[in-house]
Amino acid sequence: MKCPFCSNENTRVIDSRPAEDNCAIRRRRLCDECGKRFTTYEKVETIPLVVIKKDDNREQYDRSKIEAGVLRACHKRPISINQINQLVDEVETEIFNREEKELPSTIIGQIVMDKMKELDSVAYVRFASVYREFKDVNTFMSELKKMLDK
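What you see is a predicted model; the values in this text were computed from it and never measured.

Scoring rules and cut-offs
- Residues numbered from 1 in each chain as written.
- Predicted model: local features only at pLDDT ≥ 70, side-chain atom pairs only at ≥ 80, totals over all residues.
- Heavy atoms only, no water.
- Helix = DSSP H or I, 4+ residues; strand = E, 2+ residues; numbered from the N terminus.
- Contact = heavy atoms within 4.5 Å.
- Phe/Tyr/Trp six-rings, centres within 6.5 Å; stacked < 30°, edge-to-face > 60°.
- Buried < 20%, exposed > 50% of the residue type's maximum accessible area, 1.4 Å probe, protein only.
- Lys NZ or Arg CZ within 6 Å of the ring centre and 35° of its normal.
- Pairing = 2+ DSSP bridges.
- Axes fitted to C-alpha atoms, helices over the stretch in contact; angles between N-to-C directions.

Trainee: Whenever I open this one, the side chain of Asn8 confuses me. Can you help?
Mentor: Summarising the element assignment, Asn8 is placed in the segment before strand E1 (11–18). Those residues within four positions of Asn8 in sequence are excluded, and the remaining contacts are Met1, Lys2, Cys3, Cys31, Asp32 and Glu33.

Below is the structure:
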């Protein structure tokens with residue numbers, strides 16, 4: 001493993017333990033050259049997933065896109081980065097448990113929205129407004145009314 005600080009390839013594992021969800025191994029490494037420590041995660045390689053976009057284009061699944069959308073929706077909300085990571089992990093687990101090679105982005109978006117609704121109602125409405133492409137205030141208000149009626 002290459003050191004992220006000095007790019008030396010001589011690093012060694014000094015500690016190894018399961019990550020929070022037992023689906024990965026967290027390794028602490030030490031660079032033999034500069035002496036700095038860093039963390040790596042080892043995960044089982046999953047089935048490559050292709051996402052079918054709204055315009056029928058296909059692209060490789062990218063976890064960072066879900067993270068970015070959730071982070072934007074949670075901006076200035078009392079939600080920790082650990083809660084966000086846990087939400088994205090849950091979404092990813094649900095996606096990969098389907099064991100499909102191709103999945104429409106609408107299904108992924110719906111899974112994210114369901115998880116966001118449980119996490120924070122304001123963040124949910126923010127995410128939904130972008131995901132569902134609310135065209136005007138009336139559409140936005142009808143979504144808010146649905147939430148208030150529950």
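There is more to say, and it comes next.
Trainee: Honestly, the packing of aromatic side chains in this entry has me stumped. Any pointers?
Mentor: Geometry of an aromatic ring pair is reported as the spacing of the ring centres plus the angle between the planes. As enumerated under the stated definition, the model contains one aromatic pair in all. Between Tyr61 and Phe96 the ring centres are 5.5 Å apart and the planes differ by 85 degrees, which places this aromatic pair in the edge-to-face class. Of this pair, Tyr61 sits in the loop between strand E5 (58–60) and helix H1 (63–73) while Phe96 sits in helix H2 (residues 81–97), and the two are 35 residues apart along the sequence. Tyr61 gets classed as buried once you look at its relative accessible area, which sits at 14%. Phe96 gets classed as partly exposed once you look at its relative accessible area, which sits at 22%. Cation over ring: Lys36 sits above Phe5, and NZ or CZ is 5.0 Å from the ring centre.

Trainee: I would appreciate a short explanation of the sheet that holds strand E2 (residues 24–31) in the present structure.
Mentor: Sheets are built from strands that pair by backbone hydrogen bonding, the pairs being arranged parallel or antiparallel. Taking strand neighbours across the sheet as the criterion, the three strands line up as E1-E2-E3 in an open arrangement whose pairing is antiparallel. For this open sheet the edge positions go to E1 and strand E3 (37–43), each flanked by a neighbour on one side alone. When strand polarity is set aside, the average angle formed by the axes of neighbouring strands in this sheet is 30 degrees. Pairing of E1 with E2 involves seven bridges; the strand directions are antiparallel. Bridging across to E2, Arg12 finds its partner in Leu30.

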